Each structure stands twice: as structure tokens, then as C-alpha cells.
Amino acid sequence: MYVIGDVHGQYDKMTAALCAAGLIDQAHQWRGGAAVLWFMGDYFDRGPDGIAAIDLIMALQTEATAAGGRVGALIGNHDVLILAAQRFAERPSGGPGGTFLSAWRQNGGEEQDLARLTPARADWLRALPALALDGGRLLAHADATFYQVYGRTVAAVNRRIRDILHSHDDRAWDQLLDYFSQRRAFQDRDLGPARVGRVLALYGGRQLVHGHTPIAKLAGCAPRDVDGPLVYAGGLAIDVDAGMYLGGRGFAACLPEEEK
Ligand SMILES: [Mn+2]
């Protein structure tokens, strides 16, 4: 299973990483055959072309399926931010600037992404899962424990968050964005392994894979020195966020097969 962390509009780094892993060719066509590839969310903001990123992901989903492979994509908080900016615009929110639009802008929103967020693209985003269980691993965008507020199973969490993203309940969106800003829940050397263990006990999986918090920030190193995933919390958690928007080169991590 291949996993690629937060793209944040860095389309060129994303395609270079997928090329380097042999998953796409120079023309950006799927070359991964029967491989499984997951995108960990946060396609937008802080980088020039989030729309190109999701357009390629959508195309790769079709091409991979035809080749016997699979491409999955999680929703991240920045994807919720841009959807909220589009849906609620100047309506008050608890984020920076006091409105949904200002919160998105102050989180690195790029106007050209919002201008091109067509109904088809927004519908695709809103339908993305927040959690996934695949190959013995639990995949979540954020290194946080709030998911349990929305459900006690992967299916229940995904249903609830999908319902919110299809609703016009601005309070529920605001609450979701507030939770989604949490991070570093598993970093504490003493408490981290138990915390991630409880998440895995609830939802399943032997290891939790996440993005959201750049590896450089979690490990305290320079983003340009990050060239692979960070396994931590006693081996129970893997951070795959290369910090591409911070200067990280980006990578698609090939995670070894877990025994089922
Ligand atoms: Mn994030």
C-alpha cells in the first residue's frame, strides 16, 4: 500500500513523488497496476494548485480501478475549510477573522482554487471518507482523537461527517473545523502509545497512518531533510506528511504489507 501525505496545492511535488514511486508516468497516467494508493487529505491551501491535485486524483481513481488497482482519498480539514468558504462565505464562524471565508483565507486559501471549485469537484470532496481501514491499517487525516465524537465505527464516523458536509448547518461545520484543528495527540512519549492504542481498539487496525502535522514539526528537523514516513508512538503511528508546503520534497511511502 502506498500513502501520500498533505499535498496543499503542490501539484508538481505530488506528481514527482508519484512518478518516483512508479505509480504514474511522465504523462501522469496510472502505472501502478494493482497497487493501492491513498491520499491523506488537505489537497488545498498554502500552495498554487489544489484543483489540479484533485482533478488528477479523480482521474487516477478511474484509471487504477480499470487496471485492478485502487486509489483512495481522505478528507482533510483544509478541504472542509474551502467547502465551508464556498457554502457559507461571510457567515460568522469561530475561525480566524470571524467568518468562514476569512478563516479559509487566513489558513492559506488560494482564490483561484475557490473560483474553480465547481459543483462536481465540491460533490467529490464532500463524499470523501474521514477514516478508512485498509490492509490492517487505520487511515485518518489528523493525529487527533476527536473522530470518536462522530461515531464508534469507521462507517458511523464517515456517515456523520458526510452528512454534515451535505448540510447547511453552519454550527456543525464550525464545530467540525474546530475539532479538525487538533493535532499531536500521539506525540507524548508516555501517553502517546496508549492514546493511539485506544483509537485502534475502537476502530480497528494495527497501526494508525496520518498526515496533518508535518513530520519536520513532529520530529523537530528541517523539512528538506524529510525523505520518508515517521514511525512513532511505539510503532503504532505513522506520520506521512512530508511538509511539501514548508519545503519538503514529498514522497509516496510504500508501507510494508501488514498481516491480516
Ligand atoms: Mn490538516
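All values derive from a computational prediction rather than experimental measurement.

Rules of the game
- Residues numbered from 1 in each chain as written.
- Predicted model: local features only at pLDDT ≥ 70, side-chain atom pairs only at ≥ 80, totals over all residues.
- Heavy atoms only, no water.
- Donors = N, O, S within 2.8 Å, 3.2 Å for Na, K, Ca; no water.
- Helix = DSSP H or I, 4+ residues; strand = E, 2+ residues; numbered from the N terminus.
- Buried < 20%, exposed > 50% of the residue type's maximum accessible area, 1.4 Å probe, protein only.
- Pairing = 2+ DSSP bridges.
- Axes fitted to C-alpha atoms, helices over the stretch in contact; angles between N-to-C directions.
- Contact = heavy atoms within 4.5 Å.
- Core = buried A, V, L, I, M, F, W, Y, C linked by side-chain atoms within 4.5 Å.
- Parallel < 35°, antiparallel > 145°, perpendicular 65-115°, else oblique.
- Left-handed = near helix turned anticlockwise from the far one by under 90°.
- Nonpolar A, V, L, I, M, F, W, Y, C, P; charged D, E, K, R; others polar.
- Salt bridge = Lys/Arg side-chain N within 4 Å of Asp/Glu carboxyl O.

Moving on, we get to the coordination of the manganese ion. Binding of the manganese ion to the protein goes through D42 (OD), N77 (OD1), H141 (NE2) and H212 (ND1), at separations of 2.1 to 2.2 Å. One chain supplies every donor for the manganese ion, spaced along it as D-x34-N-x63-H-x70-H. With N77 in helix α3 (residues 77–88) and H141 in the loop between β5 (137–140) and α7 (147–150), the pair connects residues that are 64 residues apart, well separated along the chain. For the pair shown, N77 and H141 are each scored as buried.

Further remarks concern the sheet that holds strand β4 (residues 131–134). One open sheet accounts for five strands, arranged β4-β5-β6-β8-β7; its pairing is mixed. Lying at the two open borders of the sheet, with one neighbouring strand each, are β4 and β7 (230–232). Direction aside, the axes of adjacent strands within the sheet are offset by 25° on average. Bridge analysis of strand β6 (residues 207–210) against strand β8 (residues 237–239) gives three bridges, and the strand direction is parallel. What sits directly across from V209, in β8, is I238. Set on the sheet, helix α8 (residues 154–165) makes contact with β4 and β5; between it and β4 the angle comes to about 150°. Those strands touched by helix α10 (residues 192–203) are β4, β5, β6 and β8, and its axis lies near 105° from that of β6.

Now for the nonpolar core. With 93 residues, the main nonpolar core has L18, F39, L125 and Y147 as its most contacted residues. Element by element, the count of residues in this core is highest for helix α2 (residues 50–66), at eight residues.

Glycine aside, negative phi is the norm for most residues, and most peptide bonds take the trans geometry. We note that D45 has phi near 75°; this positive angle belongs to a residue other than glycine. Relative to the elements of secondary structure, D45 occurs in the loop between β2 (36–39) and α2. If you check the backbone angles, H212 has positive phi at about 80° while not being a glycine. Given a relative accessible area of 4%, H212 falls into the buried group.

Viewed as axis vectors pointing N to C, helix α1 (residues 11–20) and α2 meet at an angle of 30°, and their least axial separation amounts to 9 Å. Classified by the interaxial angle, the pair formed by α1 and α2 is roughly parallel. Both α1 and α2 take part in a crossing whose hand is right-handed. Along the contact surface, α1 presents Y11, M14, T15 and L18, while α2 presents A52, A53, L56, I57 and L60. Class assignment for the residues of the contact of α1 with α2 results in eight nonpolar, one polar and no charged.

Let's shift gears to the pattern of salt bridges. Counted by the stated rule, this structure contains ten salt bridges. D25 serves as the salt-bridge partner of R31, at 2.9 Å between the closest nitrogen and oxygen. The closest approach of N and O atoms between R126 and D123, which form a salt bridge, is 3.7 Å. Taken together, the residues R126 and D123, both in helix α6 (residues 119–126) and three residues apart, mark about one turn of the helix. The network of salt bridges with common partners includes R91, D170, R171 and D174.

So yeah, pure geometry; function would need other evidence.
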